[in-house]
Each structure stands twice: as C-alpha cells, then as structure tokens.
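# Residue-level structural notes
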Amino acid sequence: MPQVIATVSELRTALASRRSARIGMVPTMGALHAGHLSLVDSAKKHAGTVVVSIFVNPTQFAPHEDFDAYPRTLEADLEKLAGRADFVFAPGPREMYPEGHATSIAVGGPAQGLESDFRPHFFAGVATVVAKLLIAASPDIAVFGEKDYQQLLVVKRLVRDLGLPVEVIGVPTLRESDGLAMSSRNAYLSAEERRVAGRLNAILKDAISLARAGGDLRAAEAAGVEALWAAGFDHVDYVAIRDAQSLDHIVSLERPARILAAVKIGKTRLIDNMAV
Ligand code: AMP
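The sections below set out a description of the structure shown in this document.

Bringing the sheet that holds strand β6 (residues 167–171) into the picture now. Pairing in this open sheet of six strands is parallel, and the strands run β1-β4-β3-β2-β5-β6 from one edge to the other. At either end of the open sheet lies a strand with only one pairing partner, and these are β1 (3–5) and β6. Each adjacent strand pair in this sheet contributes to an overall mean axis angle of 25 degrees, direction not counted. By the bridge criterion, three bridges tie β1 to strand β4 (residues 87–89) in an arrangement that is parallel. The partner of V4 across the bridge, within β4, is V88. Here helix α3 (residues 74–81) sits on the sheet and contacts β1, β3 (49–54) and β4; the angle it forms with β3, its principal contact strand, is near 165 degrees.

Right, here's the structure in full:
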C-alpha cells in the first residue's frame, strides 16, 4: 500500500530523501478507475517516485454542483494504488485552504469559453489547487488526462506562465468497451442513463466524419448537437470543433483540431473530446 500523507510538511519531508531520482505527481479527486491508473502507470515510466494526490477540491465546484455527492472511496483507492504509487497525498480541506485563504489564480487563454461558459468558477479553482499541489510536492513531472482536454491545456499554460519547474504530460483517454470515457461521475448513471451515455463517443465520431467530408465545421457541430438530443441526452451544453492547441475558433481543418462536448443526462454532466 502507498504511504498516506495528510499534510504539506510531511509530504515535503517524505519526498526530500527521494530527489535523486525524478518525482512524478498525479493529481486526482479520487474514486479511482482504470483511466486514473493509466496516468499513474505513465508517471511511473517517467519517474522513480510517484505521488498521487486525492483531494475533492471545493473551489472548483459551484454551490449547485455535486461537491457533497462526489464519490469518496479512499480505502478502495489505496488498494488500487498498491504496487503503483509510493505516496498518496490526501489532505483535508483546511490543509489546502487554511482559515482566511484568499488567493485564487485566474487563467485566460485556453480557459476561456467551452467549460467556462457553463462552469465560470471552474478553472480558477482548478488552477489554484493544481498550483498549490505542485508547489507542495515540487515534482519533476505531473501527469494529466486528455479526458479533461481544456483542463490539460489550462494546466500547461499555468505552468508555463508561472514558470513552475515541472513538465506536464498528457495521457490519452481510457474508455469503456462502448466508447464511454471512464469517469468517476459515471457511477451516478442509472442503467438506462448509462446506455444513453455510451452514444456520446459514437456521435462525436460521426461529427468528425462529417467535418472531414464536408468541411463545414459549424454544420458538423450542429449535426452532433441534434444527434445527441435525438439519442436521449437531457441537455447539450456544447459540441465544438476548435484548434487543438489554442482552442481558438476555426473555420477549416488546416491545422490539428479537436472536437469537444459537454452533455447532461439527468443530473449527471459528462464531457468528452477527440482529435478530429
Ligand atoms: P479527476 O479525478 O476526475 O479530477 O481526474 C484526475 C485526472 O485523471 C485528470 O487529469 C483527468 O483528466 C484524468 N482522467 C479522468 N478520467 C480519465 C480517463 N478516462 N482516461 C484518462 N485519464 C482520465
């Protein structure tokens, strides 16, 4: 089992004797699944010591979102990390946000639009907690999933702009057999909702085919939105084909592009994305 550490000072002490080899960090909110474990295994390939953080970060949830309901499964998570991670950093909320905490990091660039249009608080919360985790552990590498593609770009920009001495590595999305991206939030889905959720990835693939064939990216996005409503999703927040590096709006596929989508089924919000 990995050693569980709850405070920043203990984390720094534990890592101090390990700095002769590289240290890899994988920030998570727990409720670990195979997607998370592929990040951990990727960290192990690049580093001698691996720290997984498990912290359900309150500042990235709005009051109406699922902070209280978010699955917390620390014992099962530790078992999954046995033989994979050396340390689990699992701080309480007061360790990360001491009384009177008043600092927040605002990120522009890739943080603008898409998720920010629907979760305006989200990336400031993510950027602040990721910066705090990276400062606490001071890893050589930090591993994030392409599952949260906009977040990956935001973290890369944060690290570059603040000059944090860490290399950010992105790992491809792990999927269930029907294509549904693995997510801790999939646990919220009823059997019927789970069946509908499995359509999201196929519909994005169809939209990619349309975009490639016809070249009209707005028409391909609109077809994706329509197919999602028809498949039984309760709301479509967005389907967007954007520049894969900047997330800027594009009108043609001359440069690498990415399709990104967010939908709701019942109370559950799901996101997915793929290379176009
Ligand atoms: P979370 O616990 O949801 O905050 O996710 C922690 C990290 O795992 C983030 O970098 C996510 O992008 C990544 N992740 C989540 N789901 C997957 C997946 N299905 N495949 C690969 N990485 C994932």
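Further remarks concern the pattern of salt bridges. The full count for this structure, using the stated rule, is 16 salt bridges. Between D237 and K264 there is a salt bridge, with its nearest N and O atoms 3.7 Å apart. With D237 in strand β7 (residues 235–243) and K264 in strand β8 (residues 257–265), the pair connects residues that are 27 residues apart, well separated along the chain. When its relative accessible area of 28% is taken as the criterion, K264 is described as partly exposed. If you follow the salt bridges from partner to partner, you end up with E115, D237, K264 and R269 in one network.

The next thing to look at is the nonpolar core. In globular proteins that are soluble, nonpolar side chains generally tend to be buried together. In this structure, L11, F89, V130 and L134 are the most contacted members of the largest nonpolar core, which totals 36 residues. Mapped by element, the contributors of at least two residues to this core are α1 (8–16), β2 (23–28), β4, α6 (122–137), β5 (141–145) and α7 (149–162). In terms of residue count, α6 provides more of this core than any other element does, eleven residues in total. Those residues in contact with V130 that sit more than four places away from it in its chain are F144, V155 and L158. By size, the runner-up hydrophobic cluster in this structure holds 26 residues, among which are L189, A207, L217 and L270.

Cut-offs applied
Residues numbered from 1 in each chain as written. Predicted model: local features only at pLDDT ≥ 70, side-chain atom pairs only at ≥ 80, totals over all residues. Heavy atoms only, no water. Pairing = 2+ DSSP bridges. Helix = DSSP H or I, 4+ residues; strand = E, 2+ residues; numbered from the N terminus. Axes fitted to C-alpha atoms, helices over the stretch in contact; angles between N-to-C directions. Contact = heavy atoms within 4.5 Å. Salt bridge = Lys/Arg side-chain N within 4 Å of Asp/Glu carboxyl O. Buried < 20%, exposed > 50% of the residue type's maximum accessible area, 1.4 Å probe, protein only. Core = buried A, V, L, I, M, F, W, Y, C linked by side-chain atoms within 4.5 Å.

In short, geometric facts, not functional conclusions.
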